Amino acid sequence: MSYEHEDYPEDPFPKDFGYGAYDQDGLDLEANASNNSETKPRILLMGLRRSGKSSIQKVVFHKMSPNETVFLESTSKIVKDDINNSSFVQFQIWDFPGQIDFIKPPFDSDMIFRGCGALVFVIDAKDDYIEALRKFKDTVIEAYKVNPHIKFEVFIHKVDGISDDSKMESQRDIHQRSSDDLSEAGLDQIHLSFHLTSIYDHSIFEAFSKVVQKLIPQLPTLENLLNIFIPNSGIEKAFLFDVVSKIYIATDSSPVDMQAYELCCDMIDMVIDLSSIYSSEETAFDSGSSSLIKLNNNTILYMREVNKFLALVCILREENFNRQGVIDYNFICFRDAISEVFELRLKRQKQLQNPDQDDDELADDRGLTMGGRLNHDNDAAAVSRAP
Ligand SMILES: Nc1nc2c(ncn2[C@@H]2O[C@H](COP(=O)(O)OP(=O)(O)OP(=O)(O)O)[C@@H](O)[C@H]2O)c(=O)[nH]1
């Protein structure tokens, strides 16, 4: 991860504003707008002052403890953060200062919203949100004008310490008011997603997972792979985690239970912490990483490393773990399929950078399944074939 600060207000968008690899290659930003949107979608964090934008970014992507965020100073310039955890989790987060109106000149809203994948608007649920909703409406209208493909995500934030009833009531009210505002502006077609979040629990990771998932073009493929892997391995639920941030980039199609997600997050933390104590390597998480936790309710959490950045965490009944060989064999098929998706993505990125290249090799990754290779858990022979 790299961290970049932009000078503001003298020159909010200097010519060379950090685009990592693109800058190093000396490529022109404008000419690569489409490449950039494929390789590095942009997530904007907007909202009023002190709504919690920087805290969210620091807690989710920089492992800052929530208590430390009380010492964060107000953001005075756009802060850009390159998230390059894995080939699937690559984007830039732009944290905007709350006090500035970025949709009006001299700011170039075209530049801000073009190439933007998602706009996360943070609303402080503990504060009066009328002013926030006004700003939200203006921002959405402007952003939609420039780029109708932006995903609009509203974080109703700081809901810790608020009763469930009040949370639901705030969400209902904010949803209603913002939809009415957009209807008045003749923009009923805009879809808004709402999330109740707090940095003091896992809700912020869950919400960010959903935001990031929408920016992964391979999501249907990953979900499809999980949907095949799970029933064939006697597993009840599985999350594909980005280990560094603990956001899950895909899960199977069964509903997500928040407690199950929290348990999986805690497991990843524990594995990383223990590995850092006993590992002499720089990276505590490597190809040998795996972990198994037996809970006292006849349930097992089983974690396997997929690659340097991704881990699969599975929840299953204890008796189904008797056939660990099948699970492990199927996991290897799953892991191979994921690396094929990675390779296709890399090829696609290369092709975007070199459009003249022959594209015959580019198969449609959406058709990728591992059904043919998978062993079924009732197939006794599978155990003996398992590595
Ligand atoms: N209770 C609670 N406080 C939070 C939460 N998230 C952030 N805060 C607090 O809110 C305050 C403002 O947070 P910042 O992250 O600086 O807010 P910001 O939106 O980046 O502010 P500007 O930079 O001024 O635009 C800090 O004291 C945080 O500790 C949360 O989920 N719950």
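These numbers come from a predicted model, not from an experiment.

## Quick notes on the overall build of the protein chain
- Within the protein chain one finds eleven helices and twelve strands.
- Expressed as a percentage of contacts within the protein chain between residues at least 6 apart in sequence, the contacts between residues at least 24 apart total 69%.
- Only carbon and sulfur atoms are counted for the fraction: they give 48% of the accessible area of the protein chain, which is about 17900 Å².

## Structural notes on the domain arrangement of the protein chain
- Here the domain parsing of the protein chain yields domain 1 (40-213) and domain 2 (219-385).
- Each partner contributes residues to the interface: domain 1 has 18 residues there, and domain 2 has 23 residues.
- Carbon and sulfur atoms supply 63% of the area buried between domain 1 and domain 2, which totals about 1900 Å² over both sides.
- Seen at the junction of domain 1 and domain 2, the total is zero salt bridges.

## A look at the layout of surface pockets
- Quantified by volume, the largest pocket comes out at close to 360 Å³.
- Around the largest pocket, the lining comprises 23 residues; the ones closest to its centre are Arg-50, Ser-51, Gly-52, Ser-55 and Lys-158.
- Of the residues forming the lining of the largest pocket, the biggest block, three residues, is contributed by helix α3 (residues 53-62).
- Of the residues that constitute the lining of the largest pocket, the class distribution is five nonpolar, eleven polar and seven charged.

## Structural notes on the site of the ligand
- Around the ligand sit 21 residues in total, of which Ser-54, Ser-55, Ser-74, Thr-75 and Asp-160 are the nearest.
- The fraction of the free accessible surface of the ligand (660 Å²) that becomes covered by protein chains is 92%.
- More than half of the atoms belonging to the ligand lie within 2 Å of the grid points that define the largest pocket.
- In terms of residue count, the dominant contributor to the shell around the ligand is α3 (three residues).
- Its residues assigned to classes, the shell around the ligand shows five nonpolar, ten polar and six charged.

## Quick look at the packing of aromatic side chains
- Within this structure, the stated rule accounts for 13 aromatic pairs.
- Taken together, a centroid distance of 5.2 Å and an interplanar angle of 85 degrees make the contact between Phe-61 and Phe-208 edge-to-face. Within this pair, whereas Phe-61 is found in helix α3, its partner Phe-208 is found in helix α7 (residues 203-213), the two being separated by 147 residues in sequence. One exposure class covers both Phe-61 and Phe-208, and it is buried.
- Measuring from centroid to centroid gives 5.2 Å for Tyr-248 and Tyr-261, while their planes differ by 65 degrees, and the two rings are edge-to-face. Taken together, the residues span a long stretch of sequence, with Tyr-248 in strand β9 (residues 247-251) and Tyr-261 in helix α9 (residues 258-278) at a distance of 13 residues. The same class applies to Tyr-248 as to Tyr-261, namely buried.

## Notes on a nonpolar patch on the surface
- Judged by side-chain polarity, Met-270, Leu-274, Ile-277 and Tyr-278 come together as a nonpolar surface patch covering roughly 460 Å² of accessible area.
- Within the secondary structure, Leu-274 sits in helix α9.

## So, the pattern of salt bridges
- All chains considered together, the criterion is met by 17 salt bridges.
- A salt bridge links Arg-172 to Glu-169, with the nearest nitrogen and oxygen atoms 3.0 Å apart. In this pair, Arg-172 and Glu-169 both sit in helix α6 (residues 164-184), three residues apart, roughly one turn of the helix.
- Taking the shortest distance from any N to any O, the salt bridge between Lys-246 and Asp-269 comes out at 2.9 Å. Note that Lys-246 is positioned in the loop between β8 (237-242) and β9 and Asp-269 in helix α9, a separation of 23 residues in sequence.
- The buried category is assigned to Lys-246, whose relative accessible area is 9%.
- One network of salt bridges, with partners in common, ties together Glu-131, Arg-134 and Asp-138.

Thresholds applied
- Residues numbered from 1 in each chain as written.
- Predicted model: local features only at pLDDT ≥ 70, side-chain atom pairs only at ≥ 80, totals over all residues.
- Heavy atoms only, no water.
- Helix = DSSP H or I, 4+ residues; strand = E, 2+ residues; numbered from the N terminus.
- Contact = heavy atoms within 4.5 Å.
- Areas by Shrake-Rupley, 256 points an atom, 1.4 Å probe, with all protein chains shown as cover.
- Domains from an automatic or database assignment.
- Buried area = accessible area lost by both parts, 1.4 Å probe.
- Salt bridge = Lys/Arg side-chain N within 4 Å of Asp/Glu carboxyl O.
- 1 Å grid on protein atoms, 1.4 Å probe; cavity = no way out; pocket = protein on both sides within 12 Å on 5 of 7 lines; lining within 4 Å.
- Points joined across faces, edges and corners; volume = space filled by probe spheres on them.
- Nonpolar A, V, L, I, M, F, W, Y, C, P; charged D, E, K, R; others polar.
- Near = heavy atom within 4 Å.
- Sits in = over half its atoms within 2 Å of the grid points.
- Phe/Tyr/Trp six-rings, centres within 6.5 Å; stacked < 30°, edge-to-face > 60°.
- Buried < 20%, exposed > 50% of the residue type's maximum accessible area, 1.4 Å probe, protein only.
- Patch = residues over 30% accessible without salt bridge, like charges linked within 9 Å, V, L, I, M, F, W, Y side chains within 5 Å.

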